Each structure stands twice: as structure tokens, then as C-alpha cells.
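Residue-level listing of the chains:
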Amino acid sequence: MVKLTMIARVTDGLPLVEGLDDGRDVPDADFYKKQAKALFTNLSRGLNDPSRMSIETGSYMFHYIIEGRVCYLTMCDRSYPKKLAFQYLEDLKNEFERVNGSQVETAARPYAFIKFDTFIQKTKKLYQDTRTQRNISKLNDELYEVHQIMTRNVQEVLGVGEKLDQVSQMSSRLTSESRVYADKAKDLNRQALIRKWAPVAIVLAVVTFLFWVKNKIW
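Values in this document were obtained by computation on a predicted structure and should not be read as measured data. (Residues numbered from 1 in each chain as written. Predicted model: local features only at pLDDT ≥ 70, side-chain atom pairs only at ≥ 80, totals over all residues. Heavy atoms only, no water.)

Undergrad: So what's going on with the pattern of salt bridges? Residues and values would help.
TA: Tallied over the entire structure, the rule returns 12 salt bridges. One salt bridge connects Arg78 with Glu56, and the closest N-O pair in it is separated by 3.9 Å. Linking Arg78 in the loop between β5 (70-77) and α2 (82-100) with Glu56 in strand β3 (residues 52-57), this pair joins segments that are 22 residues apart in sequence. Between Glu90 and Lys93 there is a salt bridge, and its shortest N-O distance comes to 3.6 Å. Here the residue Glu90 and the residue Lys93 both occupy positions in helix α2, the gap between them amounting to 3 residues, near one helical turn. Here Glu90 and Lys93 have matching classes, each one buried. Among the ionic contacts, a cluster of salt bridges with common partners joins Lys3, Asp25 and Asp77. (Salt bridge = Lys/Arg side-chain N within 4 Å of Asp/Glu carboxyl O. Helix = DSSP H or I, 4+ residues; strand = E, 2+ residues; numbered from the N terminus. Buried < 20%, exposed > 50% of the residue type's maximum accessible area, 1.4 Å probe, protein only.)

Undergrad: Can you lay out the packing of α2 against helix α3 (residues 117-128) for me, pointing to particular residues and giving the numbers?
TA: Running from N to C, α2 and α3 cross one another at 155°; their axes reach a closest spacing of 10 Å. Taken together, the axes of α2 and α3 lie roughly antiparallel to each other. When you trace α2 past α3, the crossing you get is right-handed. Each of Leu84, Gln87, Tyr88, Asp91, Leu92 and Glu95 in α2 lies in contact with α3, whose residues at this interface are Phe119, Ile120, Thr123, Lys124 and Tyr127. (Axes fitted to C-alpha atoms, helices over the stretch in contact; angles between N-to-C directions. Parallel < 35°, antiparallel > 145°, perpendicular 65-115°, else oblique. Left-handed = near helix turned anticlockwise from the far one by under 90°. Contact = heavy atoms within 4.5 Å.)

Undergrad: Account for the pairing of strand β4 (residues 60-67), naming residues and giving values.
TA: Of all 8 residues in β4, 7 are buried, a share of seventy percent or more. In the sheet, β3 pairs with β4 via 6 bridges, with the strands oriented antiparallel. The residue of β4 that forms the bridge with Glu56 is Met61. Turn length for the β3-β4 hairpin, with the two strands adjacent in sequence and antiparallel, is 2 residues, and the turn residue Gly58 shows positive phi of about 60°. Relative to β5, β4 runs antiparallel, the two sharing 8 bridges. Bridge pairing in β5 links Met61 to Cys76. Where β4 folds back onto β5 in an antiparallel hairpin, the turn is made up of 2 residues, including Gly68, whose phi is positive at roughly 65°. (Pairing = 2+ DSSP bridges.)

As C-alpha cells, this is what we get:
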């Protein structure tokens, strides 16, 4: 069965829509929603991920498709037919593009298209029972095949992002340390100059003072 449905903008990972009643029968639903958002964040980094992918996570499977600048993602039971999951996403994609496609780039806040949840819920009901004649026909439809869609593990996918975060943190730390080193180097140079020229300045000041006193007396 379809458990979660989320739609996000690929360029920055901004969530655009989420099924409002999703996850009620899923233990640790918040955990899986966080994973989904982490996947969106990974995609926003531009790692050249495929436009269609299935991702194993616990007892479930994430399936997503990317079209243009939008990612359509669902989480289903592992036993749920992959073909139906992707056709479900295709239905969402076609309607979302028709209704909201021109406004995706200008969306400035999370869940700007939450009204689309009405269509999500209506469509999800059509795909819940795999034994209906409608869904059996879709499973037998040879026009839409999913055999070549890659399947990966969620830890493997998110691990790429974690490594990038580590690299980013190391880079930031090195940048910060180099600034500190540069500041210390400037202080040391300043102190060296003071030690070098301070005696000369003192001597000149004394000579100038004595010369001034001499002129005053004479």
C-alpha cells in the first residue's frame, strides 16, 4: 500500500506538498518523513541522480521520479508492485504540472501547494488495492516498464550526502583555521616590527627632546 507521498522542488529541496493523512498506520512515520526530506536535500545538491529510482528503507520502499524541477516521491510497502508505484507518481506528476507547473519557481514557502493534497488522496485510493481490475490492467500494461529503474539502499544514498557534509565541514573548519592563522601571523609581524623599530624611535624622540631643550635654554 501507498504510505507516504511528498512533492518537492529539486533545486533547493523545498517541500511543496505532503499527503495530510499520510503515515497514520506507519510506525515511526516522522523518521521516514525525515528520510524523505534528506533525500530531497541530496537531490538539491545536484549529484546527477537518475530521474527515476527506488530506495530500500526498513520494511518500505521509496520511489521517486523527477520531472523538470520537481521531485514526486512515495513510500510503499516492499510488497507493493513497483509498476503501480511509478504509475501512481506519473498520475500525480501529470496533474501537478497541469495545475501548478507554472508556479513552482515562484513558490517561496514550504507546502505552498497543499491544496493539491485533495488530488493525492483521491488518486491514492485508486492505487491502494492491487487486486482491482483497474490496477491489474495497469500491471499488465507493457507500455510502462520499470525493470531498468535502479534500486538502492537509503543508507547508501544518504551516505553520499553525509560524506559531502563532512567535506563541507572540514572545508569550513580549514577556512576558519586559516583565517585565525593569518590573523596571528599579522600580529606576530606587527610585534616584530615594534621590537625592531621601537628602540630607534625612542632614541630619535630623546634626541629631538634634547635638541628642543637646548634651543629653549640658549
